[in-house]
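Coordinate inspection notes
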Amino acid sequence: MVEFLGDFNDEIKGNLVRVYNEVARIFSLPKRVIVNLNLVSESEIKKLNKTTRNIDKVTDVLTYPYVNLKAKEKLKLKDYSLDIDPDNNMLTIGDIYICEARANEQSKAYGHSLNREICFLFCHGLLHILGYDHINESDAKTMEELQNKILNNLNITRNTYKCGFVTIVGETNSGKSTLINQLVGEKVAVVSPKSQTTRENIKGIYNDEFTQIVFVDTPGYHKRKTLVDDEMDKQIADAMEDTEIILMLIDANKPLVEQYNKLIKKVSSNAIKILLINKIDEVKYEKLYPQLAELSKIAKVNEILPISALKGRNADVLIEMIKKYLPTFDYEMRYYPTDEYTDKTVREMVAEIVREKALLSLDDEIPHGIQVVVTDFKESEKLIDISADVYCEKENHKAIILGKSGEMIKKISTMARVSIEKFLQKKVNLKLFVKVKANWRNDIKAIENFGLKVSE
Ligand SMILES: Nc1nc2c(ncn2[C@@H]2O[C@H](COP(=O)(O)OP(=O)(O)OP(=O)(O)O)[C@@H](O)[C@H]2O)c(=O)[nH]1
Ligand SMILES: [Mg+2]
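Residues numbered from 1 in each chain as written. Chains lettered and ligands numbered in written order. Predicted model: local features only at pLDDT ≥ 70, side-chain atom pairs only at ≥ 80, totals over all residues.

**Remarks on the sheet that holds strand E12 (residues 371–379)**
- The strand order across the open sheet built from three strands is E12-E13-E14, with neighbouring strands paired in mixed fashion. Edge positions in the sheet fall to E12 and strand E14 (427–436), since each has one partner strand and no second. Taking each pair of neighbouring strands and ignoring which way they run, the sheet shows an average axis angle of 20°.
- Judged from the 10 bridges that link them, strand E13 (residues 383–392) and E14 form a sheet pairing that is parallel. Within E14, the residue paired with Ile386 across the bridge is Leu430. (Pairing = 2+ DSSP bridges. Helix = DSSP H or I, 4+ residues; strand = E, 2+ residues; numbered from the N terminus. Axes fitted to C-alpha atoms, helices over the stretch in contact; angles between N-to-C directions.)

**Some words on the environment of Leu263**
- For Leu263, the location among the structural elements is in helix H8 (residues 256–264).
- Residue class for Leu263 comes out partly exposed when judged on the 19 C-beta atoms lying within 10 Å of it.
- When the C-alpha positions of Leu263 and Ala189 are compared, they lie 22 Å apart, and in sequence the two are 74 residues distant.
- Ignoring sequence-local partners within four residues, the contact set of Leu263 consists of Gly170, Met248 and Ile250. (Buried ≥ 20, exposed ≤ 12 C-beta atoms within 10 Å, placed from the backbone. Contact = placed C-beta atoms within 7 Å.)

**Structural notes on unusual backbone geometry**
- One non-glycine residue with positive phi stands out, namely Lys279, at about 70°.
- Residue placement: Lys279 occurs in the loop between strand E10 (272–278) and helix H9 (285–298).
- Look at Lys279 and you get buried, because 23 C-beta atoms sit within 10 Å.
- With a phi close to 70°, Asn314 is a non-glycine residue in the positive phi region.
- In this structure, Asn314 sits in the loop between strand E11 (303–306) and helix H10 (315–325).

**Thoughts on the sheet that holds strand E9 (residues 245–251)**
- The six strands lie next to each other as E7-E8-E6-E9-E10-E11, forming an open sheet whose pairing is mixed. Single-partner strands in this sheet number two, and they are strand E7 (202–208) and E11. Across this sheet, the average inter-strand angle for adjacent strands is 25°, counted without regard to direction.
- Its contacts with the sheet put H8 on strand E6 (162–170), E9 and E10, and the angle it makes with E9 is roughly 140°.
- On the sheet, H10 packs against E6, strand E8 (211–217), E9, E10 and E11 and is oriented at approximately 165° with respect to E11.

**Brief notes about helix H13 (residues 407–424)**
- Taking 1.5 Å as the rise per residue, H13 with 18 residues should run 26 Å; its terminal C-alpha atoms sit 25 Å apart, in good agreement.
- On its buried face, H13 sits against helix H11 (346–361) and E14.
- Gln425, located one to two residues past H13, shows a positive phi value of around 60°. (Expected span 1.5 Å × (residues − 1).)

**Focus: the site of ligand 1**
- Around ligand 1 there are 24 residues in total, and Gly175, Ser177, Thr198, Gly220 and Leu310 lie nearest to it.
- Residues of the shell around ligand 1, tallied by class, amount to five nonpolar, 15 polar and four charged. (Near = placed C-beta within 6 Å. Nonpolar A, V, L, I, M, F, W, Y, C, P; charged D, E, K, R; others polar.)

**Overview of the pairing of E13**
- The sheet contact formed by E12 and E13 spans eight bridges and is antiparallel. Residue Asp376 lies in a different strand from E13, and its bridge partner there is Ser387.
- Where E12 hands over to E13, the hairpin turn is made up of three residues, counted between the paired strands.

**With respect to helix H7 (residues 227–241)**
- If you check H7, its first and last C-alpha atoms are 21 Å apart, about what 15 residues at 1.5 Å a residue would give, namely 21 Å.
- Every buried residue of H7 is listed here: Val228, Glu231, Met232, Gln235, Ile236 and Ala239. For H7, the angular spread of the buried residues around the axis is 145°, confining them to a single face. What points out from H7, more than 90 degrees from its buried face, is the exposed set Lys234 and Glu241.
- Buried residues belonging to H7 abut E6, E8 and helix H14 (444–449). (Arc of directions from axis to C-beta.)

**Comments concerning the domain arrangement of the chain**
- If you check the domain split of the chain, you get domain 1 (3–153), domain 2 (162–333) and domain 3 (346–449).
- Each of domain 1 and domain 2 was reduced to a C-alpha centroid, and the two centroids are 44 Å apart. (Domains from an automatic or database assignment.)

Shown next as structure tokens:
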């Protein structure tokens, strides 16, 4: 029996009694006990926390056991006969306080009803009364499993929030940046058919009601020649260190087993590994299938999935696969606000768009030495004035970037302006200045001044 002190409707009351009965069944508790259940405001629960636990915080649920039920195996009513209320011959086992505003917020975060959330918190409180806690990780796991078991038995399930880091690695040009843009649904990383397009780790954030996935796009593996290249390697290693899942990307146009063998050597991490065969839109299935069969025999990874990052093929399957491996997470502890989709600033995004257009317009050798820095960004009601310096390494490169009577830079500038206007949803006046900074890719100061990260 549950004594209700808050304003509960009959539907909630019915479910709460079911929760108690299930707990009583599992722990062989007496059927008839008193639990004082109170629905309180944020200020009330804060006050309780302050006075009884010396914690100045609003929490979702607070529990005060009346009897020491810690020795769970000895849980028989007769052991507690002294605590029995002589008026009604029932044992009062404790008080549970649920903060209504908090329960409401959490029910929205989990995407279920307030009724369901209150059942969860009540079950949680009952388990506290029974001596369970979540102070250390293994106790917390035991308590959570038990709570899920009880509520699953009653078909009162809670959607759990999942959150984590997913790092994308692979050779240059395998389509990592295309994939992150596809998965996030926004353009966060620039893409080009040239190698070494991505210079540093970029975060792209996927959010849905029950999930936050922080994807990290890394620079592709290729032969390293300059200091910037060394930095790129360090960034890939960093990204692989703190990640739940690694997406290993290989290209369906090239021999699969060979690419896998090369890539797996660089992935020395305990994280979950998902091997993605990208660009399947370019290859006939008959050609792919025998290689896939061979690959699946030797690959030491958790999953293998053929995809097309460009066309979005299997993108939804990949998201579901990732969710399966992500840890459950406290919604309030998520890494980014749910309306953010990248860690890049607007200025950085604009500079990257200009660099992308330069990569697309220029012949091979020059683009890798290009870096773009936005020097001015002024927004007025109808227009944004943007100036940016386009750095290259040699005078003759500058001449090529400018082009005959400035045609090339004009072309780059127009392409960039169109993309930036689309990105910022506003008219843009873009001014580009081409400058030379000799050998900057081996100059730490210059690399830092260009806003690229340098490891300590
Ligand atoms: N046909 C096809 N092309 C793709 C696919 N994914 C990527 N591409 C193309 O491959 C080229 C390289 O793509 P990126 O996303 O820049 O590759 P990346 O792995 O980020 O390259 P780096 O940044 O240099 O490491 C671009 O021209 C993309 O359009 C795909 O699924 N199908
Ligand atoms: Mg890239």
